Amino acid sequence: MSHKGVLTIQLDRIAGNWRRLSAEVGAQCRTAAVVKADAYGLGADRVAPVLEAAGCGLFFVATLEEALALRRVIAADIAVLNGLVPGASSTYAQQRLLPVLNDGAQAGEWAAAIGRGARAILQLDTGMSRLGLPPEALAALALERLDLALVMSHLACADEPEHPLNARQHGRFTAMLARFPGIPASLAASSGIFLGSRFHFDLVRPGAALYGVNPVPNAASPVATVIRLEGRIIQVREIDSGEAVGYGASFVASRRSRVATVAVGYADGYLRAAGNQSITYIGEHSVPVIGRVSMDLLTLDVTEIPRDMCRPGDLVELLGERYGVDALGRDSGTIGYEILTSLGSRYERVHAGDLA
Ligand SMILES: *Cc1c(COP(=O)(O)O)cnc(C)c1O
């Protein structure tokens, strides 16, 4: 018997979600794919080739290192969101990596080193104050010395459709685009796609929605679940009413109970904050996590579950169709994105549905 849990990643469903988002924006708008942070923890080397085969022609990563690793597995364009690493312009140009130029210094360095010899992307700051050039920095830019493939900005509140910053950022972006006639523009990531067609421009950049995170948090998800996470039961015991479970004795049994201990803990990305909050599934039965989550273990109340369904060695569903990353995020005080990117290295990873 292994202690390992099993993380199953359905590649065909990731491709299906990409097609679903492409259909949402229509044929006039391109759909890129964000595969930063190892495709949100799901394996960029497996995910990106499948999306490339589905027709995706532009991939975004965060760092130069991620871009160089991705270059070994795809031929399509790769953009580096965190920008230009000083002194590395020729590496970007040679490997066909498009730096997202995020300030005047990066734009100047790229213009001096590469000029119009290779394409780059320019990021504008329209109200997030994170990366990109603010409106007042545009005047000093030597635009004629850049070959821009795309001008982009990023929305701060796209998951809250009523938030006034969405319209404000859209207005600022549109105004700044007057400086870039004929150059494709991009504003929307996953949630921005669902703010309506005026947010689509020429290209959208979904990440999370490809991986099954619901881009419209207050409505039914338009995308499919793509992962299933199972943990392995390593012990089952009976405890008397009044006995405590786990660190801090934060759960005390109010009846004679059966407790199953599963070999997954916060070191595997099952966050400690989920203790006494989240649920799992054994067959059709929903089973609550009781007590604190520890580093390598969590505990379940299986009192109501038939004994032959929870024996040592059996698998318990921790994430799936019924209870996914958004639900575990909510119950852990965070978001599905953080659940995905926290999934640890101790699972057996199964990439299924690979059609590439
Ligand atoms: C991460 C990121 C995206 C993708 O965002 P999702 O919400 O995961 O779709 C798009 N653009 C930028 C600039 C990003 O940093």
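Read on for a plain summary of the structure. Predicted, not measured: the structure shown is a model, and the values here were computed from it.

## Some thoughts on the packing of aromatic side chains
Counted by the stated rule, this structure contains 4 aromatic pairs. Judged by centre distance (5.0 Å) and plane angle (85°), the ring pair of Phe 173 and Phe 201 falls under edge-to-face. A residue pair is termed long-range when its members are at least 10 positions apart, and Phe 173 in helix α7 (residues 164–177) and Phe 201 in the loop between α8 (190–193) and β10 (203–204) qualify at 28 residues. Exposure remark for Phe 201: the relative accessible area of 22% places this residue in the partly exposed category. Pairwise contacts between aromatic rings join Tyr 40, Tyr 211 and Tyr 337 into one cluster. We note Arg 322 situated over the ring of Tyr 281; from NZ or CZ to the ring centre the distance is 4.0 Å.

## Some words on the environment of Arg 20
With respect to the element layout, Arg 20 can be found in helix α1 (residues 11–25). It is 9.4 Å that separates the C-alpha atoms of Arg 20 and Ala 224, two residues lying 204 residues apart in sequence. Separated by 3.3 Å, the side chain of Arg 20 and the backbone oxygen of Pro 222 make a polar contact.

## Side note on the environment of Gly 117
Within the fold, Gly 117 resides in the loop between α6 (104–113) and β7 (119–123). Judged by relative accessible area, which is 67%, Gly 117 ranks as exposed. Considered as a pair, Gly 117 and Ala 79 are 38 residues apart in the sequence and their alpha carbons are 16 Å apart.

## Structural notes on the site of the ligand
Every one of the 14 residues lining the ligand counts as a neighbour, but Lys 36, Tyr 40, Ser 190, Gly 207 and Tyr 337 are closest to it. At a separation of 3.4 Å, an oxygen atom of the ligand approaches a polar side-chain atom of Arg 130. Within the complex, the protein chains bury 90% of what would otherwise be the 390 Å² of accessible surface of the ligand. Counted by class, the shell around the ligand contains 8 nonpolar, 3 polar and 3 charged residues.

## Side note on helix α3 (residues 44–54)
Taken as a whole, α3 has its buried residues at Ala 44, Val 47, Ala 48, Val 50 and Leu 51. Take α3 and look down its axis: the buried residues cluster within an arc of 165°, on one side only. Looking at the packing, one finds that the buried side of α3 touches α1, β3 (33–34), α2 (36–40), β4 (58–61) and α4 (64–71). Following α3 by one or two positions, Gly 55 adopts a phi angle in the positive range, close to 120°.

## Observations regarding the pairing of strand β16 (residues 285–290)
The two faces of a sheet get side chains in turn, since along a regular strand they alternate between them. In the sheet, strand β15 (residues 279–282) pairs with β16 via 4 bridges, with the strands oriented antiparallel. Along β16, the bridge assignment pairs Tyr 281 with Ser 286. Hairpin connection between β15 and β16: a loop of 2 residues separates the two successive antiparallel strands, and Gly 283 in this loop has a positive phi of roughly 55°.

## Considering the sheet that holds strand β5 (residues 77–80)
The 7 strands lie next to each other as β3-β4-β5-β6-β7-β8-β9, forming an open sheet whose pairing is parallel. The sheet is open, and its two borders are formed by β3 and β9 (185–186), each paired with just one other strand. Sheet topology note: the β7/strand β8 (residues 147–152) ladder contains 5 bridges and is parallel. Looking at the pairing, Ile 121 lines up with Leu 150 of β8. Against the sheet, α4 touches β4, β5 and β6 (97–101), its axis set at about 170° to β5.

## Some points on unusual backbone geometry
Located in the positive-phi region is Asp 38, a residue other than glycine, with phi close to 55°. With respect to the helices and strands, the residue Asp 38 is situated in helix α2. The phi dihedral of Tyr 40 is positive, around 55°, even though this residue is not glycine. Within the secondary structure layout, Tyr 40 lies in helix α2.

Criteria and thresholds
- Residues numbered from 1 in each chain as written.
- Predicted model: local features only at pLDDT ≥ 70, side-chain atom pairs only at ≥ 80, totals over all residues.
- Heavy atoms only, no water.
- Phe/Tyr/Trp six-rings, centres within 6.5 Å; stacked < 30°, edge-to-face > 60°.
- Helix = DSSP H or I, 4+ residues; strand = E, 2+ residues; numbered from the N terminus.
- Buried < 20%, exposed > 50% of the residue type's maximum accessible area, 1.4 Å probe, protein only.
- Lys NZ or Arg CZ within 6 Å of the ring centre and 35° of its normal.
- Polar contact = N/O pair within 3.5 Å; in protein donor to acceptor, adjacent residues only side chain to side chain.
- Near = heavy atom within 4 Å.
- Areas by Shrake-Rupley, 256 points an atom, 1.4 Å probe, with all protein chains shown as cover.
- Nonpolar A, V, L, I, M, F, W, Y, C, P; charged D, E, K, R; others polar.
- Arc of directions from axis to C-beta.
- Contact = heavy atoms within 4.5 Å.
- Pairing = 2+ DSSP bridges.
- Axes fitted to C-alpha atoms, helices over the stretch in contact; angles between N-to-C directions.

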